[in-house]
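Observations on the three-dimensional arrangement
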Amino acid sequence: MQTKRMTFPGRWLPYALLAPQVIVTLIFFIWPSLQALYMSLLREDAFGLNSTFVGLANFARLFADDTYLDSLSVTAMFAIGTTLLSMSAALLLAATVNRMLRSRNAYTTLLVWPYAIAPAIAGVLWWFIFNPSIGIVPYALEMLGYRWNHRTSGNDAMMLVIIAAAWKQIAYNFLFFLAGLQSIPQSLIEAAAIDGAGPVKRFWTIVFPLLSPTTFFLMVVNVVYAMFDTFGVIHATTQGGPSQATNTLVYKVYADGFVGLNLGSSAAQSVILMAIVVLLTVVQFRFIERRVNY
Amino acid sequence: MMASIKLEGLEKTYPGGVQAVKGVDLEVADGEFVVLVGPSGCGKSTLLRMVAGLETISAGALYIGKRRVNELEPAQRDIAMVFQNYALYPHMTVFDNLAYGLKNRGFKRDEIRRRVEEAARMLEIEAFLPRKPRQLSGGQRQRVAMGRALVREPAVFLFDEPLSNLDAKLRVQMRVEIKRLQRRLKTTSLYVTHDQLEAMTLGDRLVVLNGGRIEQVGTPMEIYARPASLFVATFIGSPAMNLLPLGALLSGPGAASHGALLGDLPPGTGILGIRPDALRLEAPHGPHLTLSATLELFEAAGAESHLHVRLAGSGQPLVIRTAGQPAVAEGQRLHFHITRDALHPFHRETGRRLDDTLKTKEQAA
């Protein structure tokens, strides 16, 4: 493949143009990461006056701590639930919108709006909707004979954070699925129709397999989102409760570090999260390279 | 299983009000190969897709065999279609591509294998059965697309410009193969193309479409020899037929002698069509017109040459096709000749063919 080569007149211009991005990355990403790495090896005294080097003791403690292991499985459940819910809802919406002709753009625009809402606002929104005392959904569920209370029921709380987090992500998934659907040539669908496949069969034997690169990409993005980007939603709805039922890894970093002020442990948890992100990124790139395997 | 196809006043109107097909009547006999030909936007693809069931029918009736199929799904019409872009399922092997339609119809595994292998043998794609479409060349994909139509043993084959994505050499080769295959299977076929040469060589009969209507139906030679309208005259044949206003012959040099010869033209004749190869440099025996013109451009095309000339007096441009390479030079004044029976008279307003003294079988309009 040939790529066009751009050349700059001077040596400094390209570096100057790159500088803002590099500086932002260094200050807001690299430096804090290194700081976290360093702090994960220290232990501070109760007053934050001095700290001692403890090696990997913070990590050892974490993996011996039941609440941390519990938080791991909560996170796994939350990530899987959020990914499944937001992706299946988005796929359903995309498949439906893709069938429309004139109203397609209007629906697309409307469906993308939730993505622009700040996580905290979205959290508050769902907090109102699901509020056991004043919310509309508990009221409706009550009529169906279910007493919703995410303040006391861990399952209800988990459902709430999954719904709130998934809802935010549907718009993003929807856009990618819609683009994926539109890149499937219409003639393939027509050929399948002539070949005797009904709409449902066509979807599962032709459309869905051809969407697999998109699906895989979104899966990784959604897992990353659920694991790292949902602090705002959880903070606004359940704050990790009741009794740690929704205390995901990210939320726990905040709770242990800024509420519990155990900075060493919190930093160690961030380092573990970083490692998970790195792993997911590697998986994604590995597969994306081979994604056009049909 | 075979079947005839019958189109009765078929119309297609899109929601916006655009009418793509404006009342088409056509009968395709059992086992016949009919080519729909016309310029882009003439409605030929829409018509084919209506027969396939991929476009709804706004008005009229469509019969495949004895069944009225207007409301049937594509799968229920017992047709198979070859698409312009082949529409192979990219995530399936060639075998699965061919087997997909059979699997959907609940064929037994052995039967599927037998049919796929038979079709693959016929099309010489056996070696590619385990491969994915992206590993095949354009011509091989084309064969797989044909194979997918073949295995189903449908009543009707529909071809939607299947050769237009191939390079020129391969196109000629596949054209011959399609014809050979259709001769052998004797399956009723409807074939859409914008390429008049493809249409002429493939079809038992041609249907020339223009603006959503049929201009003419007939065997390739009928249409070539007796185009029913100015549109057909210029669309079929390459280089295109020359169109000469009658006035250009009745004025200028030699007008008097022309007048005598053209006296028996049907009333209303305004335009004369002349095939480029009907204009000869040597004078023929018998009565003929002699025209003089200046050679503007000489094109040598191997076995034949094209002479672009301008008539003396009226300045009308004409194209002459001759065999070999005549000894002429650009800028030279030439005389060439045309016999009376090589003139195609067309009405001055409607552009329809006017039947002259050489009547043969009349086309049902």
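Residue numbers restart at each chain and count upward from 1, following the sequence in its written direction. Each chain takes a letter, starting from A, and each ligand takes a number, starting from 1, following the order in which they are written. For this predicted model, a pLDDT threshold of at least 70 governs which residues receive local features, and a threshold of 80 or more governs which side-chain atom pairs are given and counted, while totals over whole chains, interfaces and linings are taken from all residues. Excluding hydrogens and water, the side-chain figures rest on all heavy atoms present in the structure.

Considerations on the overall build of chain B
The condition is simple: We count a stretch as a helix when DSSP gives it H or I for four or more residues in a row; a strand needs E for two or more, and each element gets its number in order from the N terminus. Partly exposed describes any residue whose relative accessible area lies between the buried limit of under 20% and the exposed limit of over 50%, with all areas from a 1.4 Å probe on protein chains only and scaled to the type maximum. Contacts are assigned to residue pairs with any non-hydrogen atoms lying within 4.5 Å of each other. The method behind every accessible area is Shrake-Rupley, applied with a 1.4 Å probe, and residues are considered shielded solely by the protein chains displayed. In this charge count, Lys and Arg are treated as positive and Asp and Glu as negative; neither His nor the chain ends contribute. Taken as the charge location is NZ of Lys, CZ of Arg, CG of Asp or CD of Glu.
Looking only at helices and strands, chain B has ten helices and 17 strands in total. In terms of overall dimensions, chain B has a C-alpha envelope of 80 × 45 × 40 Å along the principal axes. Here chain B holds 365 residues, and the buried ones make up 52% of them. Long-range pairs, those at least 24 residues apart, make up 67% of the contacts in chain B between residues at least 6 apart in sequence. Surface accessibility of chain B: about 16,200 Å² in total, with carbon and sulfur atoms responsible for 52%. Here chain B contributes 46 positively and 39 negatively charged side chains, and the mean placements of these two sets differ by 5 Å.

A word on the overall build of chain A
Counting its secondary structure elements, chain A contains twelve helices and two strands. Counted from the first residue to the last, chain A has its helices and strands arranged as α-β-β-α-α-α-α-α-α-α-α-α-α-α. Projected onto its principal axes, the C-alpha coordinates of chain A cover approximately 75 × 70 × 30 Å. For chain A, the share of sequence-separated contacts (at least 6 apart) that also reach a separation of at least 24 residues comes to 66%. Counting only carbon and sulfur atoms, one obtains 69% of the accessible surface of chain A, whose full area is about 17,300 Å². Each charge class in chain A can be summarised by its mean position, and for the 17 positive and 12 negative side chains these summaries are 15 Å apart.

Considerations on the side chain of A:Asn247
By the secondary structure assignment, A:Asn247 is in the loop between α10 (231-237) and α11 (249-259). Beyond its immediate sequence surroundings of up to four residues, A:Asn247 is in contact with A:Ser71, A:Val74, A:Gly240 and A:Lys252.

Quick look at the interface of chain A and chain B
Put simply, the test is: A simple way to read buried area is as the amount of 1.4 Å-probe accessible surface that goes missing from two parts once joined, with both sides added. What makes a salt bridge here is a side-chain nitrogen of Lys or Arg within 4 Å of a carboxyl oxygen of Asp or Glu, nothing more.
Each partner contributes residues to the interface: chain A has 21 residues there, and chain B has 25 residues. Of the roughly 1,800 Å² buried between chain A and chain B on both sides combined, carbon and sulfur atoms contribute 59%. Across the chain A-chain B interface, the total number found is two salt bridges. When the shortest N-O distance is used, the salt bridge between B:Arg152 and A:Asp195 registers 3.4 Å. Secondary structure elements with two or more residues in the side of chain A that touches chain B: α8 (186-194) and α9 (199-228) of chain A.

Comments concerning the side chain of B:Lys179
Residue and element names in this part refer to chain B. With respect to the helices, strands and loops of the structure, lysine 179 is situated in helix α5 (residues 168-185). Buried within the structure, lysine 179 lacks any salt-bridge partner; aspartate 204 is the closest side chain of opposite charge, at an N-O distance of 4.4 Å. Discounting chain neighbours no more than four positions away, the residues touching lysine 179 are Thr201, Leu202, Gly203 and Asp204.

Some words on the sheet that holds strand β13 (residues 288-301) of chain B
Residues and elements named next belong to chain B. Operational definition: In this scheme, strands are said to pair when DSSP sees at least two bridges between them. Angles here are taken between N-to-C directions and fall from 0 to 180 degrees, while the axes themselves are lines fitted to C-alpha atoms, restricted in helices to the stretch in contact.
Across the sheet, four strands lie side by side as β15-β14-β13-β16; this open sheet has antiparallel pairing. The open sheet terminates on both sides in strands that have one partner only, identified here as β15 (317-323) and β16 (333-339). Taking the axes of each pair of neighbouring strands and ignoring which way they run, one obtains an average angle of 50° across the sheet.

Section: unusual backbone geometry
Residues and elements named next belong to chain B. In the segment running from serine 238 into proline 239, the intervening peptide bond is cis, with an omega of -5°. Counting through the fold element by element, proline 239 comes out in the loop between α8 (230-235) and β11 (242-245). One non-glycine residue, glutamate 161, lies in positive phi territory at about 40°. As for its position among the elements, glutamate 161 is in the loop between β7 (156-160) and α5.

Quick look at the packing of helix α3 (residues 66-98) of chain A against helix α4 (residues 104-112) of chain A
Residue and element names in this part refer to chain A. Rule in force here: Here roughly perpendicular refers to angles of 65 to 115 degrees, roughly parallel to angles under 35, roughly antiparallel to angles over 145, and oblique to all remaining angles. All amino acids are sorted into three groups, where Ala, Val, Leu, Ile, Met, Phe, Trp, Tyr, Cys and Pro are nonpolar, Asp, Glu, Lys and Arg are charged, and the leftover types, Gly among them, are polar.
Taken N-terminus to C-terminus, the directions of α3 and α4 make an angle of 160°; their axes are 9 Å apart at the nearest point. It follows from the interaxial angle that α3 and α4 lie roughly antiparallel. Taken together, the residues of α4 that come into contact with α3 (itself represented by Leu93, Val97 and Asn98) are Arg104, Tyr107, Thr108 and Leu111. Residue composition of the contact of α3 with α4, grouped by class: four nonpolar, two polar and one charged.

Description of empty space enclosed by the protein
How we decide: In the cavity and pocket records, a cavity denotes points on a 1 Å grid over the protein atoms alone where a 1.4 Å probe fits but cannot get out, a pocket denotes an open set with protein on both sides within 12 Å along at least 5 of 7 lines, and lining residues are residues with an atom within 4 Å of a point. Grid points are joined across faces, edges and corners, and a volume is the space filled by probe spheres set on the points.
The full count for this structure, using the stated rule, is two cavities of 30 Å³ or more. Around the largest cavity, the lining residues are B:Met146, B:Ala149, B:Leu150, B:Phe157, B:Phe159, B:Ile178, B:Leu181 and B:Gln182. Of all the secondary structure elements, the ones that give two or more residues to the lining of the largest cavity are α4 (138-151), β7 and α5 of chain B. Its residues assigned to classes, the lining of the largest cavity comprises seven nonpolar, one polar and no charged. Lining the second largest cavity are A:Ala191, A:Ile194, A:Asp195, B:Ala80, B:Met81, B:Phe83, B:Tyr89, B:Arg148, B:Ala149 and B:Arg152.

So, the sheet that holds strand β9 (residues 205-210) of chain B
Residues and elements named next belong to chain B. One open sheet accounts for six strands, arranged β6-β7-β8-β3-β9-β10; its pairing is mixed. Edge positions in the open sheet fall to β6 (79-82) and β10 (213-218), since each of these has one partner strand only. Recorded for the sheet is a direction-independent mean angle of 20° between the axes of neighbouring strands. Here five bridges tie β9 to β10, and the two strands are oriented antiparallel to one another.

A few points about the nonpolar core
Our working rule: Only buried residues count toward a nonpolar core, which is a set of Ala, Val, Leu, Ile, Met, Phe, Trp, Tyr and Cys residues joined through side-chain atoms within 4.5 Å.
Core analysis: the largest hydrophobic core is formed by 62 residues, its most contacted members being B:Ile5, B:Leu47, B:Leu158 and B:Leu190. With eight residues, the top contributor of residues to this core is α9(A). Residues within four places of B:Ile5 in sequence aside, it is in contact with B:Leu26, B:Glu27, B:Val28, B:Val51, B:Leu62, B:Tyr63, B:Ile64, B:Val156, B:Thr188 and B:Leu190. B:Val82, B:Val94, B:Ile125 and B:Leu202 belong to the second largest nonpolar core, which has 46 residues in total.

Some words on the pairing of strand β2 (residues 19-28) of chain B
The pairing of strand β1 (residues 5-13) of chain B with β2(B) spans seven bridges and is classified as antiparallel. Bridge assignment links B:Leu7 to a residue of β2(B), and that residue is B:Leu26.

Looking at the pattern of salt bridges
Residue and element names in this part refer to chain B. In total, this model carries 21 salt bridges over all chains according to the counting rule given. Here glutamate 111 makes a salt bridge to arginine 114, at a shortest N to O gap of 3.2 Å. One end of the pair, glutamate 111, and the other, arginine 114, are both in helix α3 (residues 109-123), three residues apart, so they sit about a helical turn from each other. Residue classification places arginine 114 among the partly exposed positions, given a relative accessible area of 42%. A salt bridge links arginine 310 to glutamate 296, with the nearest nitrogen and oxygen atoms 2.8 Å apart.

Quick look at the domain arrangement of chain B
In many reports, interface size means the accessible area that the parts give up when they come together. All names here are of chain B. What counts is decided by this rule: The domain limits used here are those given by an automatic or database domain assignment.
Each assigned domain of chain B is listed here: domain 1 (5-231) and domain 2 (240-347). Of note, the centres of domain 1 and domain 2, computed from C-alpha atoms alone, are 40 Å apart. On the side of domain 2, seven residues touch domain 1, which itself brings seven residues to the contact. Looking only at domain 1, the three residues that lose the most surface to domain 2 are Tyr224, Pro227 and Leu230, adding up to 86% of its buried area.

Thoughts on the confidence of the model for chain A
Stated precisely, the cut-off is as follows: Each residue carries a pLDDT value, the predictor's own confidence for that position, ranging from 0 to 100.
On average, residues of chain A carry a pLDDT of 84, and 95% of them reach 70 or more. Least confident of the elements in chain A is strand β2 (residues 51-53) of chain A, whose mean pLDDT is 75; most confident is α8(A), at 92.

With respect to the packing of α4(B) against α5(B)
All names here are of chain B. What counts here: In a left-handed crossing the near helix is turned counterclockwise from the far helix by less than a right angle, and in a right-handed crossing that turn is clockwise.
Interhelical geometry of α4 versus α5 gives an angle of 15° and a closest axis separation of 11 Å. With respect to each other, α4 and α5 are oriented roughly parallel. For the pair α4 and α5, the crossing hand works out as right-handed. The residues of α5 that touch α4, namely those facing Gly139, Gln142, Arg143, Met146 and Leu150, are Leu170, Gln173, Met174, Glu177, Ile178, Leu181 and Leu185. In terms of residue class, the contact of α4 with α5 is built from seven nonpolar, three polar and two charged.

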